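Below, each chain spelled out in residue letters.
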Amino acid sequence: EAGVAQSPRYKIIEKRQSVAFWCNPISGHATLYWYQQILGQGPKLLIQFQNNGVVDDSQLPKDRFSAERLKGVDSTLKIQPAKLEDSAVYLCASSLDRGFTDTQYFGPGTRLTVL
Amino acid sequence: QKEVEQNSGPLSVPEGAIASLNCTYSDRGSQSFFWYRQYSGKSPELIMFIYSNGDKEDGRFTAQLNKASQYVSLLIRDSQPSDSATYLCAVIRVSSGDKLTFGTGTRLAVRP
């Protein structure tokens, strides 16, 4: 079974530029998550999708971050414009469904450096 | 008070010893507890989860949950150098749906 795929793996941009990340979850997984992990910290949930609907985006900085999951499969996360503090690893995860025992499987992440 | 607290470490143990990793949480409504391992530069991978008080064993790993004291721990028996990684504790609170809230992680170093 293929895991969660993410691209690109690395991205370096200058502040005020825009950037987009792509995620393809495990086949059949209805729930998709985007996390931000700053160096030395645990992952922080940015947005959660159930199929193509948003379940939780309470920690998404909506003035600069946006995300979509068209057709309930792939998802993209965009930052526009980027700030220095956005430098982090952006992790995509998926789970079969929602539930307090549903395991989240993480992709390899995209390491973003904002100069 | 942080929702999920872990000692950042590093916790250093000799090869073959038992490593004990601890995590406390603030919300008594927390329902499920997960331990993830994260190697440097890699993404988190699930080790095990627990949601009932007591112990849960899986190979060399044992998760222990005490809801009254609001702590969860992970024991790693016969520690190996390959266990050297950051261990992330995560909880799901009923009040936040199924959102995982992570601690900052404990770095474990197993010395040969």
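How each quantity is defined
Each chain carries its own residue numbering, running from 1 in the direction its sequence is written. Think of it this way: whatever chain is written first is A, whatever ligand is written first is 1, and the rest follow in order. Restriction of local features to residues with pLDDT of at least 70 applies here, the model being predicted, together with a cutoff of 80 or more for giving and counting side-chain atom pairs; totals for whole chains, interfaces and linings are based on all residues. Hydrogens are left out, water is left out, and the side-chain values use all remaining heavy atoms of the structure. In summary, the pairing rule links any two rings of Phe, Tyr or Trp, Trp by its six-membered ring, whose centres are within 6.5 Å, and it sorts them by plane angle into stacked for under 30 degrees, edge-to-face for over 60 and tilted for everything else. Numbered from the N terminus, helices here are DSSP runs of H or I no shorter than four residues, and strands are runs of E no shorter than two. Relative accessibility decides the category of a residue: with a 1.4 Å probe and only protein chains considered, values under 20% of the type maximum give buried, values over 50% give exposed, and everything between is partly exposed. DSSP bridges decide pairing: two strands pair if at least two such bridges lie between them. Comment: axis = line fitted to C-alpha atoms, over the contacting stretch for helices; angle = value between 0 and 180 degrees taken between N-to-C directions.

Asks: So what exactly am I meant to see when it comes to the packing of aromatic side chains here?
Replies: For any pair of aromatic rings, geometry is given as the distance between the ring centres together with the angle between the planes. For the structure on display, the rule yields 11 aromatic pairs over all chains. The interplanar angle of 40° and the centroid separation of 5.4 Å between the aromatic rings of Y35 of chain A and F106 of chain A together place this pair among those described as tilted. Of this pair, Y35 of chain A sits in strand 4 (residues 31-37) while F106 of chain A sits in strand 10 (residues 105-106), placing them 71 residues apart in sequence. The pair formed by Y35 of chain A and F106 of chain A is uniform in burial state, with each residue classed as buried. Ring plane angle 85° and centroid distance 5.8 Å describe the contact between Y35 of chain A and F102 of chain B, whose orientation is recorded as edge-to-face. Placement of Y35 of chain A in strand 4 and of F102 of chain B in strand 10 (residues 100-102) is noted, with the two residues assigned to different chains. We classify Y35 of chain A as buried; its relative accessible area is 0%. The exposure class assigned to F102 of chain B is buried, which follows from its relative accessible area of 9%. Grouped by ring-pair contacts, the aromatic residues Y33, Y35 and F106 of chain A together with Y36 and F102 of chain B constitute a single cluster.

Asks: Help me understand the sheet that holds strand 8 (residues 75-79) of chain A, please; the structure alone is not making it clear to me.
Replies: The strands that make up a sheet are held in pairs by hydrogen bonds between backbone atoms, and each pair lies either parallel or antiparallel. All names here are of chain A. In spatial order, the strands read 1-3-8-7; together these 4 strands make up an open sheet with antiparallel pairing. Strands with a single pairing partner mark the edges of an open sheet, and in this sheet they are strand 1 (5-7) and strand 7 (65-68). Recorded for the sheet is a direction-independent mean angle of 15° between the axes of neighbouring strands. Judged from the 4 bridges that link them, strand 7 and strand 8 form a sheet pairing that is antiparallel. The residue of strand 8 that forms the bridge with F65 is I79.

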